[in-house]
Number of protein chains: 2
Amino acid sequence: MAGVRDPLPITELQKTLPNAYAKLSKIAEKLEKHYKDMQDIEFTIEKGNLYLLQTRVGKRTAKAAVKMAVDMVNEKLITKEEAIMRIDPSEINQLLHPVFKRGAEKNFKLIARGLGASPGAAVGKIVFDPARAVELSLKNEKIILVRKETSPDDIHGMEAATGILTAKGGATSHAAVVARHRGKPCVVGAKSVSNKEMVIDEIRKRLVVDGNVLEEGTFISINGETGEVYLGEIPTESPAITNEFGTFMKWCDSIRRLGVRTNADTPEDAEKARKFGAEGIGLCRTEHMFFQEGRIEIMQKMIMASNTSEREKYLAQLLPFQKEDFYEILRIMDGLPVTIRLLDPPLHEFLPKREELIREITELKHTGGDSKIVKEKEEILNRVEELYEFNPMLGLRGCRLGIVYPEITRMQVRAIFEAACQLYIDGANPVPEIMVPLIGSEEEMKHQRFLIEEVAKEVFREKKCKVKFKIGTMIEIPRAALAADKIAKYAEFFSFGTNDLTQMTYGYSRDDAGKFIQVYMTTSTKCRYCGTELTKELKCPHCGREYEEKPENILKIDPFQTIDSNGVAELMRIAVEKGRSTRKDLKIGICGEHGGDPESIEICEKLGLDYVSCSPFRVPIARVSAARAVVKKKLKKVEFDK
Amino acid sequence: MAGVRDPLPITELQKTLPNAYAKLSKIAEKLEKHYKDMQDIEFTIEKGNLYLLQTRVGKRTAKAAVKMAVDMVNEKLITKEEAIMRIDPSEINQLLHPVFKRGAEKNFKLIARGLGASPGAAVGKIVFDPARAVELSLKNEKIILVRKETSPDDIHGMEAATGILTAKGGATSHAAVVARHRGKPCVVGAKSVSNKEMVIDEIRKRLVVDGNVLEEGTFISINGETGEVYLGEIPTESPAITNEFGTFMKWCDSIRRLGVRTNADTPEDAEKARKFGAEGIGLCRTEHMFFQEGRIEIMQKMIMASNTSEREKYLAQLLPFQKEDFYEILRIMDGLPVTIRLLDPPLHEFLPKREELIREITELKHTGGDSKIVKEKEEILNRVEELYEFNPMLGLRGCRLGIVYPEITRMQVRAIFEAACQLYIDGANPVPEIMVPLIGSEEEMKHQRFLIEEVAKEVFREKKCKVKFKIGTMIEIPRAALAADKIAKYAEFFSFGTNDLTQMTYGYSRDDAGKFIQVYMTTSTKCRYCGTELTKELKCPHCGREYEEKPENILKIDPFQTIDSNGVAELMRIAVEKGRSTRKDLKIGICGEHGGDPESIEICEKLGLDYVSCSPFRVPIARVSAARAVVKKKLKKVEFDK
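Description of the structure in this document. (Residues numbered from 1 in each chain as written. Chains lettered and ligands numbered in written order. Predicted model: local features only at pLDDT ≥ 70, side-chain atom pairs only at ≥ 80, totals over all residues. Heavy atoms only, no water.)

Concerning the environment of I255(B)
Residues and elements named next belong to chain B. You can see I255 is positioned in helix α9 (residues 243-255). Distance from I255 to R204, taken between C-alpha atoms, is 55 Å for residues 51 residues apart in sequence. Aside from chain neighbours lying at most four places away, what touches I255 is E81, I84, A627, V630 and V631. (Helix = DSSP H or I, 4+ residues; strand = E, 2+ residues; numbered from the N terminus. Contact = heavy atoms within 4.5 Å.)

What follows is the structure in structure tokens.
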């Protein structure tokens, strides 16, 4: 019965008309059970008779919902568990991000629609170049960075922007992941309202959508929740954290079984996540650390090196930077576990792009450019060609790098242990967990474990101190799940990298699959024979076929948003079972994007994982979801016991 | 005791010195059991005493081995089963391909070494351009086509060449697969003798290896079995098929349980394979058919089309070609099943390469090229960019194409049924099996099945005739194996595409993994800490570490050559079990490259598959391997029964 338009009269009603109140309570209860959601009930009492005018699923803001739920517990109308079940975790987003003022978007022109990849509303001038975004943001301009797709080269521009809009990519494309991580509103894979390509001309600095040309500097507003893109500046309102919200979150924490960690690569993220209630870092990526100015140049020299000792020379120059990064993060997370993942991406991600080099060289040659520069660029191109991969996703990356070039693993691990020892000496309590990415076999894990342990011994001897640490792996390759019993011999923890695991289990590249996933999720309205949009009568206007029932969608959920319960979850189940058969106390978590998705968290609870890890901004959602998962399991158990 | 240097004296010995003969037989038997191979025994009999001089594993040519085995069965010394176990299937290669004259290579300079990807010896002039290869081969020159890597554009050059050499790629790279298919000797991923890159300068038409510059036209000799590349013309000898070989193969056929089909895309391949004893086609790829002149232009227009009806227009132009292809292949395989796989590769494979377009356009612009041509090329580039994928392996291909563009599936299926009906009317017995590639879910299979059945009905109505057919799918995505019970609802057969299944299960791109697979297979000789080559005493000359035992190789087998028994085979087991739980008479085969690999065939026998399918030239090897697998299973059973 919560959610009636104005909650106040209810308590008055209880006092003044207890019979009507009792009747109404019963009706509300029945309706809520039936609709599995709160109800708005319009009623009137005339001459002692209760008249229902209409009922509908209750619409209220997240803030109101939390307040009502907490009030009702305080009034002993519902239990804490019931309160938790009344808040949809996705509503928590509304409490943490700015949103458009209610209904304000109605007055603006909708120009495009994509996938809402990172929640919140953002308003700003469009800019097509990361450097320009940085430049304007320094002048306090609000910027929306608009790109075909983003790459690690764009990070500084993404950080400078208020929001991000891309024409390509899906729920776990680079733009989406980074945006969620930074809590920036983001829309990816956007198309025009008439479902045509949104053309982003990065050279002429303009965006063409349904024939409208938007030049750099044009204001747009994006909704990272719904994926909508509007022309103009829509007024927004900031989130307001209430006392009730704090109470509600405490209840969630007392009920949940799953730990909640965060994915954080920087001290700032770590700090933010700790404030949001993270109980450790589940994934600290180390590759982003190499993209900073002053580092990327050394990294590139390391990659261009032609032998081990040359590579070692440049790695030695990178070591102090890495050590510094780790020291800070371990310090902020003092006493809490920090899972540091060794270098994961293929090396060519750190070099200039192949096509750009080709274009530059051809241009230089035809315009009589400096032959020395041409030669330099050609050398880089040669190395880029050498490193070029048809499918970098499935190429030389992750632990494969650390096995082919053990000196890379050695440098990173040394930096971790040197930082941890220093911190220990400085009086803190660092808890590093070293995570080897992309393990597919027992032998790889054994190889890397040996290396890590050797370096640990060395550093501990040098620093005359010892810190506790764990060595573990991502489970992100199907084979790793299938061979989990063997891998667990050398791993003290597993962390499911469900992004990659989904990519390989489904054979979907997350950067490319946007194209057909959108089609797959809308096939229920299309004729199976010719692909034409069906009429309401389920008849095809083109080939005349009639369907008895609506065809099913090929995909019911986007497997990059919610764990695929048939395939990916089955591999996870196998991995948990096999892994724990070898090592009873194997710690198992998840650090893919799914770690912040409510339905996926439910699957993690069922599978008996120890913790989930997600972007800082998703930590509160994960805490609520983990609590709901426990309550749901209980409810199902009750049903089952009956 | 077979394999003594000169088998003749044995029978004499039996007559003249029966005691010595009996003694020798026992010794030989023990040795053979111990070494699990035939033994060369040198002995002398002096004054009635038998003296063993030395024994070693018997070395003999494949021809001699088959002759001996058949002779010994005829002399009732061994059983047919024992004869089959004496011939290593890989030796069969020697009987089907030319080889270097014995020991001849000793007099030539070894310049490079790679992966022996397709057996046989080839000698010819090096050529770097497929068109040039065709040109010279028309003048009866023997050509070795040398490329960084090959692509479908190179097919005509590969066909014109006697052998193929590439600097990149692994066992299932494009070059390797096509070469095996055509029975052309091929070496891929070749490096210099000192393990340095082999630089192929396709523009300046030269090959640089360890500082030696080989210009176009230089003679080299390659051994597609060992992966060795020599400078100069090594004399070769042709294979000689003997009567004993025919007898031996008949015995194999009488013993094996697995069917043996072939992978064949052309009438020529189909014909060849039938001669080699193929019992049907397990994989007829349809994409190669679109690369021929006169077809590729239409295909490209179809891809450039901006709407369905335009696409349909060009597909209608392709239909007669496809129909013709299918008619011929079905005719040649009259009465035998022909599994036709619908279009599999991503569409951009049919368009010019992105980098080439960029280079051309930049060049045209700077040299004042025709603006009309520039515009045309830019339009193509735009479409190429639209279709561009970061990981095409995991992108819009396979059944995803047929779902996004049902008109493509419709055209192909119509061509199959029109051809089959025509052939039926012409008095033959076509047995088409339509195979949908890259299925990952029940819903995809259901979608494509509906489409195929609708077209079948249409064509049968039009042609007033009906042919029997089956609809099935590849199992090549891990998820398909995990959801096999659901997929089998709509599939009458499964065919394991173990190339792709291995790629996704391991997370190895077959075109890129060569780089680290080579390292992975030689880690046993390297220091785990620093990667330096260990001394014979298992000591690292660089960091001084001493190893108690030789480190293991990360990879013991190349999973693209032999099925990975822990991961990939486990998924296959799950698929067989789940698939047959839904459909008891589900026909299950394998059509990946593993279908021709002896050890993999043993796994297929264990898993209870119905047939294997492999390149035409591998059909005899598969027949022998399938027979050996049965005998081995029996032997193990005997051991077990004890």
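Examining the interface of chain B and chain A
Contacts between the two partners involve 74 residues from chain B, matched on the other side by 74 residues from chain A. Between chain B and chain A, roughly 7100 Å² of surface is buried when both sides are summed, and carbon and sulfur atoms account for 56% of that area. Contact with chain A buries surface across chain B, with R479(B), R528(B) and Y529(B) losing the most and accounting together for 10% of the total. In this structure, the connection of chain B to chain A is made through 12 salt bridges. Two residues, E458(A) and R545(B), come together in a salt bridge whose shortest N-O distance is 3.4 Å. In this assembly, chain B and chain A are joined by 38 residue pairs in polar contact (both at pLDDT 80 or more). No other element matches helix α17 (residues 442-463) of chain B, which puts nine residues into the side of chain B that touches chain A. Broken down by class, the residue content of the side of chain B that touches chain A amounts to 30 nonpolar, 16 polar and 28 charged. (Buried area = accessible area lost by both parts, 1.4 Å probe. Salt bridge = Lys/Arg side-chain N within 4 Å of Asp/Glu carboxyl O. Polar contact = N/O pair within 3.5 Å; in protein donor to acceptor, adjacent residues only side chain to side chain. Nonpolar A, V, L, I, M, F, W, Y, C, P; charged D, E, K, R; others polar.)

Quick look at the sheet that holds strand β12 (residues 219-223) of chain B
Residues and elements named next belong to chain B. Strand order in the closed barrel made by the seven strands is β4-β8-β7-β6-β5-β12-β13, with mixed pairing throughout. The mean angle between the axes of side-by-side strands here comes to 35°, regardless of whether they run parallel or antiparallel. For strand β7 (residues 163-166) and strand β8 (residues 186-192), the ladder comprises two bridges, and the chain directions are parallel. Paired with I164 across the bridge in β8 is C186. Sheet contacts for helix α8 (residues 174-182): β4 (109-118), β7 and β8; angle to β8, the most-contacted strand, approximately 140°. (Pairing = 2+ DSSP bridges. Axes fitted to C-alpha atoms, helices over the stretch in contact; angles between N-to-C directions.)

Some points on the pairing of β7(B)
Residues and elements named next belong to chain B. The two faces of β7 match: G163 and L165 on one face and I164 and T166 on the other face are all buried. As judged from the four bridges shared by strand β6 (residues 143-147) and β7, these two strands associate in the parallel manner. Bridging from a neighbouring strand, R147 pairs with T166 of β7. (Buried < 20%, exposed > 50% of the residue type's maximum accessible area, 1.4 Å probe, protein only.)

Comments concerning the nonpolar core
F248(A), F496(A), L609(A), F248(B), F496(B) and L609(B) are the most contacted members of the largest nonpolar core, which totals 303 residues. Apart from the residues within four sequence positions on either side, F496(B) is in contact with I475(B), L501(B), M572(B), A575(B), V576(B), I588(B), G589(B), I590(B), C591(B), G592(B) and L609(B). (Core = buried A, V, L, I, M, F, W, Y, C linked by side-chain atoms within 4.5 Å.)

Here we look at the pattern of salt bridges
Throughout the structure, instances matching the rule amount to 105 salt bridges over all chains. A salt bridge links R132(A) to E135(A); its shortest N-O distance comes to 2.9 Å. Highlighted residues: R132(A) and E135(A), both in helix α6 (residues 130-138), separated by three residues, approximately one helical turn. Overlapping salt bridges bring together K323(A), R414(A), E418(A), E454(A), K457(A), E458(A), E462(A) and R545(B) as one network.

Here we look at the sheet that holds strand β18 (residues 431-436) of chain B
Residues and elements named next belong to chain B. Pairing is parallel in the closed barrel, where eight strands are placed in the order β15-β16-β17-β18-β19-β20-β21-β22. Each neighbouring strand pair of the sheet contributes to a mean axis angle of 30°, computed without reference to strand direction. Relative to strand β22 (residues 611-614), strand β15 (residues 259-263) runs parallel, the two sharing four bridges. Each bridged residue has a counterpart across the sheet, and for V260 the counterpart in β22 is V612. α17 rests against β18 and β19 (470-475) of the sheet, and its axis sits at about 150° to β19.

So, helix α13 (residues 354-366) of chain B
In this model, α13(B) (13 residues) spans 19 Å end to end at C-alpha, consistent with the 18 Å of a helix rising 1.5 Å per residue. Those residues of α13(B) hidden inside the fold are in contact with α13 (354-366) of chain A together with α14 (371-387) of chain B. Positive backbone phi, at 65°, marks G368(B), one or two positions downstream of α13(B). (Expected span 1.5 Å × (residues − 1).)

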